[in-house]
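# Residue-level structure breakdown
One letter stands for each residue in the lines below.
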Amino acid sequence: MIIKRTEARAGGVGPARGRLRAVLGATTTALLTVTALAALPQPPAHAADTLGAAAAEKGRYFGAAVAANHLGEAQYAATLDREFNSVTPENEMKWDAVEPSRGSFGFDRADRIVDHARSKGMDVRGHTLVWHSQLPGWVSGLGASDLRSAMNNHITQVMTHYKGEIHSWDVVNEAFQDGNSGARRSSPFQDKLGDGFIEEAFRTARAADPAARLCYNDYNTDGVNAKSNAVYSMVRDFKSRGVPIDCVGFQSHFNPNSPVPSDYRANLQRFADLGVDVQITELDIEGSGQAQATDYGNVVRACLAVTRCTGITVWGIPDKYSWRSSGTPLLFDDDYNRKPAYDAVLSALGGTPGGGPGGPGDPDAACTATYTTAERWSGGYNGKVTITAGRSPITAWSVNVTPAAPQKVVSVWNGSPTWDGSGTVMTVRSSWNGSLAAGASTSFGFTVNGGTAPPPQVGACTAS
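Residues numbered from 1 in each chain as written. Predicted model: local features only at pLDDT ≥ 70, side-chain atom pairs only at ≥ 80, totals over all residues. Heavy atoms only, no water.

### Description of the side chain of Asn152
Position of Asn152 among the secondary structure elements: in helix H8 (residues 144-161). Polar contacts involving the side chain of Asn152 include one to the side chain of Glu200, which spans 2.8 Å. If we skip the residues at most four places from it in the chain, Asn152 touches Glu200 and Thr204. (Helix = DSSP H or I, 4+ residues; strand = E, 2+ residues; numbered from the N terminus. Polar contact = N/O pair within 3.5 Å; in protein donor to acceptor, adjacent residues only side chain to side chain. Contact = heavy atoms within 4.5 Å.)

Encoded structure:
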């Protein structure tokens, strides 16, 4: 159930307080049953098989940047819901999105992400309140006094709208220059308000939502360098003077020309030693195969080695929606298949790769089905589904395939298809290739006309 913010605030009771009452109300029942539960046989320990579950077992979150316009895509939403326990709106909370004209706020797209996340029990990171980019033109045209008022009002209005619903806020984003100067970046805020604008933004944010974690977020600060030293000095100064800052975000955009630095873990640790949490906020690593997988695994292990590294967010879900999609930097390919990088992350988190949709198969299942797109053209594609037997041999299998309208399946090979009454859900059953030894695989294929995206939904494999 989605709880609208206006309803949650009625009578001055926010969502956090409502949840607190629910927890307190359940405490008595929990105490009465704890002895009985302790006496029952406990199930064997089971390693988590999704990113969010594995991270949670390590006391962390594992999140993804989410775009509201993709939530209507079934496979996008299903992958998000299955794999992640935190979301960050990719663009929907930025200044130009929520306050395009002064004093006129619109939260519909951001609300859609927050409502979806909260309905699935996920945390939400707020991104971002004060940033030099994606500013509506009216902001840059203000004088110093008006700009200060507009900045503080923007922070207050946005944070109040989401009060009690945001775990951490990127209060100020990318305020330092690249290169060796360690200087502040030129921006309307820096140029007109001076160095004090960051402190003022954090103090305003604390007043707006005292419970939210307040973060400074930047890129190219992942190793020890002039830029990260400048941020470090600012954070140290803030902590010494009681300026409210709770966390520092490290965007962690890597590629072969800007690899994971050798002192990545040590850099995270030195910030944590200042008394702030550290978060990996926008992780993506260009590349493919084992090299990419190794880098992803190293980043996760670095976070786990730092007690105050509270979580990791990857900047997108499938490669095709990445802001740098040509570099294939994410954990899922264009068809939502898990890449070697996914397995490396899950393994680093202590989980067990291989189970569930999009993976190579769960050996405890009778059979599993894995989808890939074989070829594409302007009006359609060929799809391939690989069937893999589990720990025991099978003699027959079947799988449901549902293409997205207006796509239509026009031919099938290596399987016998039937359709439901609506003509949209195709059930493919084994033909000559039903008998499989334990662990063995076969495949069937089909041609779809009517578009190339999104890929079809492929159901679970049923065997006999």
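### Considerations on the confidence of the model for the chain
On average, the chain scores 87 in pLDDT, and the residues at 70 or more come to 87%. Counted against residues more than four places away or in other chains, residues 1-46, with its pLDDT under 50, gives 29 contacts. Segment residues 356-363 is flagged for pLDDT under 50; beyond a separation of four residues in sequence, or across chains, it makes 20 contacts in the model. (pLDDT = per-residue confidence, 0-100.)

### A look at the state of the cysteines
Two cysteines, two sulfur atoms, one covalent bond between them: this is a disulfide. Scanning all chains against the criterion turns up 3 disulfides. The disulfide bridge from Cys215 ends at Cys247, spanning 1.9 Å between sulfur atoms. Of note, the bridge from Cys215 to Cys247 carries an S-S torsion of about -80° and is left-handed in sense. One end of the pair, Cys215, is in strand E5 (residues 213-218); the other, Cys247, is in strand E6 (residues 247-250), with 32 residues separating them in the sequence. Here the two residues Cys215 and Cys247 agree in accessibility, since each one is buried. Covalently, Cys303 is tied to Cys309 through a disulfide, its sulfur atoms 2.1 Å apart. (Disulfide = S-S within 2.5 Å. Buried < 20%, exposed > 50% of the residue type's maximum accessible area, 1.4 Å probe, protein only.)

### What about the pairing of E6?
Where burial is concerned, the two faces of E6 agree: the one with Cys247 and Gly249 and the one with Val248 and Phe250 are both buried. The pairing of E5 with E6 spans 4 bridges and is classified as parallel. Bridging from a neighbouring strand, Asp218 pairs with Phe250 of E6. The β-α-β motif built from E5, the intervening helix H11 (residues 226-241) and the parallel element E6 has right-handed crossover chirality. Pairing of E6 with strand E8 (residues 277-285), which is carried by 4 bridges, proceeds in the parallel orientation. Paired with Cys247 across the strands is Asp277, a residue of E8. (Pairing = 2+ DSSP bridges. Right-handed = clockwise from strand over helix to strand, strands pointing away.)

### Section: the environment of Gly287
Relative to the elements of secondary structure, Gly287 occurs in the loop between E8 and helix H13 (289-305). We classify Gly287 as partly exposed; its relative accessible area is 27%. Gly287 sits 33 residues away from Phe254 along the chain, and the two C-alpha atoms are 9.3 Å apart. Once residues within four sequence positions are removed from consideration, Gly287 is found in contact with Gln292, Gly327 and Thr328.

### Let's talk about the nonpolar core
Residues Phe62, Trp169, Val172, Phe202 and Leu331 are the most contacted members of the largest nonpolar core, which totals 95 residues. Look past the residues within four positions of Val172 in its chain and what remains in contact with it is Thr128, Val130, Phe197, Ile198, Ala201, Phe202, Cys215, Tyr216 and Asn217. (Core = buried A, V, L, I, M, F, W, Y, C linked by side-chain atoms within 4.5 Å.)

### With respect to the environment of Asp273
Note that Asp273 resides in the loop between helix H12 (264-272) and E8. Asp273 sits in the exposed class, given a relative accessible area of 58%. Along the primary structure Asp273 and Arg308 are separated by 35 residues, whereas in three dimensions their C-alpha atoms are 8.7 Å apart.

### Observations concerning helix H10 (residues 196-208)
When the terminal C-alpha atoms of H10 are compared, their 19 Å separation across 13 residues agrees well with the 18 Å that a helix rising 1.5 Å per residue should span. Taken together, the buried positions of H10 are occupied by Phe197, Ile198, Glu199, Ala201, Phe202, Thr204, Ala205 and Ala208. Of the surrounding secondary structure, the elements contacted by the buried residues of H10 are strand E3 (123-131), H8, strand E4 (168-173), helix H9 (188-193), E5 and H11. (Expected span 1.5 Å × (residues − 1).)

### Section: the pattern of salt bridges
Enumeration according to the criterion identifies 21 salt bridges in this entry. Salt-bridge contacts for Asp246 lead to Arg213; the nearest nitrogen and oxygen are separated by 3.9 Å. Residue Asp246 is found in the loop between H11 and E6, and its partner Arg213 is found in strand E5; the two are separated by 33 residues along the sequence. Judged by relative accessible area, Asp246 falls into the buried class, the value being 12%. Close ionic contact of Asp319 with Lys339 constitutes a salt bridge, the shortest N to O distance being 2.9 Å. Of the two residues, Asp319 is situated in the loop between strand E9 (309-314) and helix H14 (340-348) and Lys339 in the loop between E9 and H14; the sequence distance between them amounts to 20 residues. Side by side, Asp319 and Lys339 carry an identical accessibility label, which is buried. Within the structure, one salt-bridge network assembled from shared partners comprises Arg206, Arg213, Asp246, Asp277 and Arg308. (Salt bridge = Lys/Arg side-chain N within 4 Å of Asp/Glu carboxyl O.)

### Let's talk about the packing of aromatic side chains
Under the definition given, this model contains 16 aromatic pairs. Here the aromatic rings of Phe202 and Phe238 are separated by 6.2 Å at their centres, their planes lie at 65°, and the arrangement is edge-to-face. You can see Phe202 sitting in helix H10 and its partner Phe238 sitting in helix H11, a full 36 residues away along the chain. Aromatic pair Tyr371 and Phe446: ring centres 6.2 Å apart, planes at 25°, arrangement stacked. Of this pair, Tyr371 sits in strand E10 (residues 367-377) while Phe446 is found in strand E16 (residues 441-449), placing the two residues 75 residues apart along the sequence. Exposure remark for Tyr371: the relative accessible area of 5% places this residue in the buried category. Feature note: the residues Trp95, Trp138, Phe189 and Phe197 constitute an aromatic cluster, connected by ring pairs. (Phe/Tyr/Trp six-rings, centres within 6.5 Å; stacked < 30°, edge-to-face > 60°.)

### Describing helix H4 (residues 74-83)
Taken residue by residue, H4 has Gln75, Tyr76, Ala77, Thr79, Leu80 and Glu83 as its buried positions. Each element contacted by the buried residues of H4 is listed here: helix H3 (51-57), strand E1 (61-66), strand E2 (86-89), helix H6 (108-119) and H14.

### Things to note about the packing of H12 against H13
With their axes 9 Å apart at the nearest point, H12 and H13 run at an angle of 30° to one another. In terms of axis orientation, H12 runs roughly parallel to H13. By crossing handedness, the relation of H12 to H13 is classed as right-handed. Every residue of H13 that contacts H12 at Tyr264, Arg265, Leu268 and Gln269 is listed here: Val299, Ala302, Cys303 and Ala305. (Axes fitted to C-alpha atoms, helices over the stretch in contact; angles between N-to-C directions. Parallel < 35°, antiparallel > 145°, perpendicular 65-115°, else oblique. Left-handed = near helix turned anticlockwise from the far one by under 90°.)

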